Amino acid sequence: MIHMASGDWLDIVGWSESFTSWSMDNVHDVMPSNDIDMEVTIPSTWAWPEPITIGPIFNLQQGFASIQPALESFMHATIMCTVVFTVMMLTMLAIPYIERKFIGRLMDRLGATTTLRSLWVGESGVTAGEWWKQLPFGMGIPIGWVFNLLNSYWGNSHELETVSRVNNRSYHGYWFLLPGFFQAFADFMKFATKEHIVPKNADKVVFEIAPVIILATTIMVFAFVPFGPHIYAANPELSLLFMMAIFGVAPLGVFFAGWASNNKYTLIGGMRSAAQLTAYEIPLLITVLGVAVLSGSFNIIEIVDFQMGQNEGNVWNIFLLPLGAALFLITMIAEVERIPFDMPEAEAELVEGWWTEYGGIRWGLMFAAEYMRSYAACILFALFFLGGWEAPFQHTLSGLSTVGGTFETVFTAVPGLVWVLIKAWLLFAVFVWIRASLHRVRTDQILEFGWRYLLPLSMVNLVVATILRLEVWTGEPWDLWVPVTLTLAALALFVILAIDEDEEALEVQRRPYSTQAVVKASPGSHRD
Amino acid sequence: MAEMWISMGPQHPMTHGLWTLKVKVDGETVVDTEPDLGYIHRGVEKICEARDFTQITTYCDRLCYASANTWSHSYIYAAEDLLEVEVPERAEYIRLVAIEIQRIASHLMWLGAYGPDIGNLSVMVWCLREREMMMDLLQELGGSRMHYNFPRVGGVKRDLPHGFAQRARAKLKLFLNRIQEYEALFDESTVFLVRSQGVGYAKPEEMVNHGVTGPNLRAGGVNYDIRWAHPYSVYSELDWEPPVERSSIKGADCYDRYRVRVEEMRVSASLALQALDKMPGGADTHHEPGDPMILAKAPTRAPEGTTGAHHFEDSRGESMFYIAGGGEGRGKQPYRVSIRSPIFITIPFAAKCMIGYKVADIPAIMGSFDPCIGETDR
Amino acid sequence: MGKIVPIKTQRAEAEKLAAAISEIDGVKAEVAERACGTNPRPVVLGNSSPESWRALAETLHSEHGVDYCSMVTGVHWPEGDGDKKWEVVYHLMRTGIRNPPIEDGLVQPVIVDPSTVEGSDTPLELELHVHLPDTRTPSVDSVQDIWLGADWNEKETWDLVGIDFDGHQGMRRVLQPHETPKGFHPLQKQHRLRYHSFQDMYDDSQGFMRKPADAGKIK
């Protein structure tokens with residue numbers, strides 16, 4: 001049975017194509033269709049016996065018809081690029097917001113319940129004031145009732161009065177617009193208006209080229225990323241290959257930036273970055289290859305379609321390749337240089353690493369590029385492993401007896417873009433969670449981890465994917481036992497590895513890793 | 001790649017203070033180091049030659065601003081040795097409470113700065129919040145958040161405020177629970193273990209020969225502590241043990257130094273709680289400032305030829321004041337005040353410890369020795 | 001209760017040490033008491049001539065187990081009597097620390113029970129004074145190779161007070177800037193504190209205007 005590509009009503013590609021072809025057809029029809037004879041006949045002379053006719057015969061309409069496909073595709077591409085870029089930038093506004101707020105909450109260590117309660121209780125006596133009274137037409141009065149009700153049942157007890165003083169943060173911002181939302185705009189304005197400083201002996205050409213490379217390749221990645229089944233800028237047959245290739249060009253820009261700044265710190269940062277990114281490209285590519293092998297295609301939309309499957313029995317890739325999902329997550333965190341892998345820009349040692357000498361808009365755009373890469377990583381994870389624009393249990397829910405119809409309607413009404421975004425944002429919250437809790441791994445340990453652990457594991461993942469595709473896949477929807485077995489096996493392995501068995505030995509040993517010191521340090525070995 | 005000298009500092013996020021560490025690197029490996037101090041040398045020793053003994057206490061707070069109480073008490077004990085004053089017992093207990101709470105606050109500051117050095121940003125906020133609790137307690141005792149000017153020659157400037165004991169107990173007990181959260185974030189993180197174990201080895205005998213004491217020394221497997229070796233104050237009346245960490249066979253590494261300080265926070269909290277329980281006169285009685293129960297009458301002049309010195313267990317090691325009497329005003333001011341800073345000696349040692357490791361280990365090693373430049377430069 | 005080193009043991013050891021080093025020519029030692037708040041403690045107070053300082057230091061290190069140099073202080077006595085124009089005060093300690101033993105590949109931490117220390121493991125405190133006669137270039141033998149803790153202390157003493165140390169490798173300014181003029185050692189008594197307080201120095205309460213008499217002077 002040939003399966004149809006998945007779709008929803010938000011068919012921007014289709015609209016754009018039909019709009020461009022409609023407008024081009026109109027132009028075509030408006031063009032004059034008569035031949036304009038611009039031939040010139042040179043009469044024969046003693047040099048040439050026959051008269052020579054040179055010059056064209058213009059037929060505007062036919063001429064236009066011959067270039068119309070090219071024009072249409074150009075216009076369509078421009079429209080789609082603009083649309084996708086806008087969608088990407090607008091939806092990316094959520095990313096720094098998530099980062100800031102989630103890290104703030106983790107650092108507060110207030111916990112989910114306390115955070116929720118702080119909506120009505122405030123924090124240590126500081127509240128937002130009686131904000132509902134500012135609503136017009138007395139709309140706020142029922143809100144005030146709810147507020148007082150919540151406070152009376154789940155209000156503040158005064159046992160923690162002693163320590164409540166340290167929680168003294170107040171609640172600024174308009175209540176209806178997420179407070180702190182405009183911080184990103186304010187930051188960007190600041191970067192945009194700062195002075196452009198080039199270090200004195202820097203290689204000016206390379207210094208200027210480097211941010212261009214980084215930013216350009218990052219944005220180009222989004223050309224191939226489908227935000228929904230019909231929202232993409234380009235969809236060649238091998239979109240996955242193109243995209244991973246472009247994703248891997250950024251290390252070059254990073255190295256240029258580190259070297260061109262004429263600064264020892266940035267040089268070290270650039271070298272570390274080049275080494276790290278190169279080391280983690282390979283497991284990343286092999287993992288992605290595993291996904292492609294399993295899904296049978298190098299086209300991202302077809303990968304998502306593979307997960308959505310036929311009418312029933314579809315399985316998201318994360319349950320078929322749990323190891324691959326974990327590898328993808330880890331290698332992507334290393335690729336976008338977030339903690340725990342942010343040694344190239346480790347603030348404690350290198351101030352800002354390879355971008356220390358950049359200021360103003362160049363720094364701002366590279367900072368944005370880092371978040372764009374994280375965002376791309378999150379979206380790719382959602383597309384490769386989490387079923388893209390499919391709602392969880394979409395087929396099962398739609399197939400239920402009575403309520404299935406309602407679900408069907410809801411799923412049809414909600415465009416796929418929404419699901420992709422929700423998954424990507426939640427995954428970004430996981431990125432932030434990891435960032436807030438882990439320490440920075442040292443460069444040689446990062447490289448050791450990448451080459452000696454992740455690379456073999458990605459090979460294993462590839463083998464698993466190949467076996468699944470060749471031996472287990474029958475063209476029919478997956479049997480239930482396949483994903484269940486794989487997921488349970490992965491969980492069991494994780495649990496076994498996470499449990500420390502020999503507590504005593506660990507307690508006594510507690511020194512699992514060693515470092516290689518070049519020369520043993522001891523006082524007196526320091527030459528004056 | 002050729003070797004090159006990198007200058008880390010004086011403006012650098014790693015250095016925990018204003019100093020320069022010039023590092024010679026060969027690729028990523030540290031080959032040589034040279035520390036450069038003196039950027040905030042304020043000439044405290046010279047200034048003290050023109051101040052009365054009571055006026056000097058304020059300067060000593062500002063020596064190591066993260067651990068102000070320990071320094072002013074270190075000076076006061078030396079001044080009491082010089083002027084030969086006997087201190088009432090209640091005052092000693094109050095001093096102990098102040099010193100131990102200050103030690104907790106100092107270690108919290110250290111831990112809050114050490115986490116970001118290694119990459120963990122959350123723990124800075126967590127530790128500073130607990131430090132706020134400690135600073136609140138010290139503010140009740142001393143009057144300000146950082147520089148308290150708390151002890152006087154012969155006692156303390158005022159008694160425990162009303163309700164202080166109850167608040168201190170609540171906060172210290174809460175703090176003891178919170179320490180487990182820091183341990184969870186550090187000890188259970190393989191990344192931290194990998195970063196801090198096997199890095200920056202130092203053996204006790206070389207540390208002692210080099211002049212390094214305090215938690216850095218106890219990380220090496222010896223439990224030497226000035227508080228029992230040359231006892232002062234009322235530590236003998238309380239039940240405590242200095243925490244010791246079993247090091248590795250190559251010496252104490254950064255992980256050991258971290259663990260010692262975490263355990264020291266627990267020990268200090270327990271010392272403070274015991275002192276509150278055992279306070280002569282009870283922790284809830286309150287004497288007016290100047291009451292002989294908390295402040296003994298002390299002479300203000302030290303004739304020429306007298307000297308006083310005192311070794312003190314500061315949060316970072318052994319601090320010492322040496323005062324020679326007989327200065328201006330017929331002995332009202334000292335002739336010479338000499339201040340021994342543990343970190344002044346530890347920084348060159350730590351700089352040597354770094355040789356052979358990677359650039360990325362520099363903040364890990366430096367941070368684990370807990371530098372505070374205020375006392376280094378005086 | 002918290003154990004501390006018994007004062008009797010410390011006093012006995014201090015007397016032994018004082019007697020032992022008094023045998024050296026040019027060295028006089030006795031046991032004094034420190035007030036230490038509520039616990040008086042013995043300290044070995046010694047006076048050595050500059051010539052015998054090096055021998056004394058080596059003896060202390062090799063025979064008496066003094067392994068820790070706490071501080072090296074220099075004092076300038078322009079009006080001191082006789083030999084005491086310059087003074088170097090050494091604060092040393094005996095800690096009794098040894099590297100912990102290693103058994104089965106594991107370090108066994110050394111937990112000293114303070115109440116049972118005895119003999120040469122007893123922690124001791126020493127304060128040794130070396131007086132120097134009047135000279136423009138005071139100098140004492142360096143003990144940098146005996147105790148590394150003296151290294152930066154000696155640098156600081158030279159930097160601030162001006163007492164040089166013979167045999168010290170790598171003498172340089174440590175607290176003052178490297179470009180400080182040669183011969184400027186601020187803790188010498190001829191350098192007076194010009195201002196004793198904020199009110200002396202500035203003419204207004206916020207510290208913007210210097211007093212007219214000090215116009216143009218460097219701080």
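Higher on the page you've got the structure.
Computed from a prediction, not measured in an experiment: that's the story for all the values here.

1. Looking at the overall build of chain C
In step 1: A count of helices and strands for chain C gives four helices and nine strands.
In step 2: Mapped from its N terminus to its C terminus, chain C presents α and β elements in the order α-β-β-α-β-β-β-β-β-β-α-β-α.
In step 3: Computed over the C-alpha atoms, the radius of gyration of chain C is 22 Å, more than 25% above the 17 Å expected from 2.2 N^0.38 for a compact globule of 219 residues.
In step 4: Based on the C-alpha atoms only, the size of chain C along its principal axes is roughly 70 × 40 × 40 Å.
In step 5: Put simply, 60% of the contacts in chain C that link residues at least 6 apart link residues at least 24 apart.
In step 6: Of the charged side chains in chain C, 24 are positive and 35 negative, and the gap between their average positions amounts to 7 Å.

2. Some details on the pairing of strand 6 (residues 307-314) of chain B
In step 1: Where burial is concerned, most of strand 6 of chain B is hidden: seven out of the eight residues are buried.
In step 2: In this antiparallel pair of consecutive strands, strand 6 of chain B and strand 7 (residues 317-324) of chain B, the connection spans two residues.

3. Looking at a nonpolar patch on the surface
All names here are of chain A.
In step 1: Together, Val40, Ile42, Trp48, Ile52 and Ile54 give the surface a local cluster of nonpolar side chains, amounting to about 390 Å² of exposed area.
In step 2: Only strand 2 (40-42) and strand 3 (52-54) provide two or more residues apiece to the nonpolar patch.
In step 3: The residue isoleucine 42 is located in strand 2 in this model.
In step 4: Under the relative-accessibility criterion, isoleucine 42 is labelled partly exposed at 32%.

4. Side note on the pattern of salt bridges
In step 1: Applying the stated rule across the entire model yields 45 salt bridges over all chains.
In step 2: Here aspartate 81 of chain B makes a salt bridge to arginine 34 of chain C, at a shortest N to O gap of 3.3 Å. With one member in each of two chains, aspartate 81 of chain B in helix 3 (residues 68-83) and arginine 34 of chain C in strand 1 (residues 27-34) form a pair that bridges those chains. Both residues of the pair, aspartate 81 of chain B and arginine 34 of chain C, belong to the buried class.
In step 3: Among the ionic pairs, glutamate 92 of chain B bridges to arginine 95 of chain B, the shortest N-O distance being 3.9 Å. Taken together, the residues span about one helical turn, with glutamate 92 of chain B and arginine 95 of chain B both in helix 4 (residues 89-118) at a distance of three residues.
In step 4: It is possible to trace a salt-bridge network through shared partners that takes in Glu100, Arg103, Arg218, Asp225, Arg227, Glu264 and Glu313 of chain B.

5. Here's the deal with the side chain of threonine 218 of chain A
In step 1: With respect to the helices, strands and loops of the structure, threonine 218 of chain A is situated in helix 8 (residues 204-224).
In step 2: In contact with threonine 218 of chain A, other than residues within four places in its own chain, are Ala369, Met372 and Arg373 of chain A.

6. Points about the interface of chain C and chain B
Interface extent is often summarised as the accessible area lost during association of the parts.
In step 1: If you look at the interface, chain C gives 69 residues, while chain B gives 74 residues.
In step 2: Here chain C meets chain B over a buried area of about 6,100 Å², counting both sides, of which 58% is carbon and sulfur.
In step 3: The tally of links from chain C across to chain B stands at four salt bridges.
In step 4: Here arginine 378 of chain B makes a salt bridge to glutamate 156 of chain C, at a shortest N to O gap of 2.5 Å.
In step 5: Our count for the chain C to chain B interface comes out at 24 residue pairs in polar contact (both at pLDDT 80 or more).
In step 6: Listed by contribution, the elements that provide at least two residues to the side of chain C that touches chain B are strand 1, strand 3 (68-76), strand 4 (86-94), strand 7 (124-132) and helix 3 (150-160) of chain C.

Rules used throughout
- By convention here, each chain's residues receive numbers from 1 onward along its written sequence.
- Chains carry letters and ligands carry numbers; both start at the beginning, A for chains and 1 for ligands, and go up in the order they are written.
- Selection of residues for local features in this predicted model requires a pLDDT of at least 70, selection of side-chain atom pairs for listing and counting requires 80 or more, and totals for whole chains, interfaces and linings are taken over all residues.
- Side-chain figures throughout are based on the complete set of non-hydrogen atoms in the structure, without hydrogens or water.
- For the purposes of this entry, the term helix denotes a DSSP run of H or I that reaches at least four residues, the term strand denotes a run of E that reaches at least two, and both are numbered from the N terminus.
- Restricting the calculation to C-alpha atoms gives the radius of gyration, and the globule rule supplies 2.2 Å times the number of residues raised to the power 0.38.
- Any two residues whose heavy atoms approach within 4.5 Å at even a single point are treated as in contact.
- We treat Lys and Arg as the positive residues and Asp and Glu as the negative residues; His and chain ends play no part in the count.
- Throughout, a charge is located at the NZ atom of Lys, the CZ atom of Arg, the CG atom of Asp or the CD atom of Glu.
- Exposed residues in this analysis have more than 50% of their type's maximum accessible area, buried residues have under 20%, and partly exposed residues fall in between, with area computed by a 1.4 Å probe over protein chains only.
- Only when DSSP finds a minimum of two bridges between them are two strands counted as paired.
- Exposure above 30% relative accessible area and the lack of any salt bridge qualify a residue for a patch; like charges then connect within 9 Å, and the nonpolar side chains Val, Leu, Ile, Met, Phe, Trp and Tyr within 5 Å.
- Note on areas: Shrake-Rupley with a 1.4 Å probe; residue coverage comes only from the protein chains shown.
- Between Lys or Arg on one side and Asp or Glu on the other, a salt bridge is scored when a side-chain nitrogen of the former is within 4 Å of a carboxyl oxygen of the latter.
- Defined here as a combined quantity, buried area equals the accessible surface (1.4 Å probe) lost by two parts on assembly, summed across both.
- Definition of a polar contact: a pair of N or O atoms within 3.5 Å, with one able to donate and the other able to accept a hydrogen when the atoms are protein atoms, and with sequence-neighbouring residues admitted only if both atoms are side-chain atoms.

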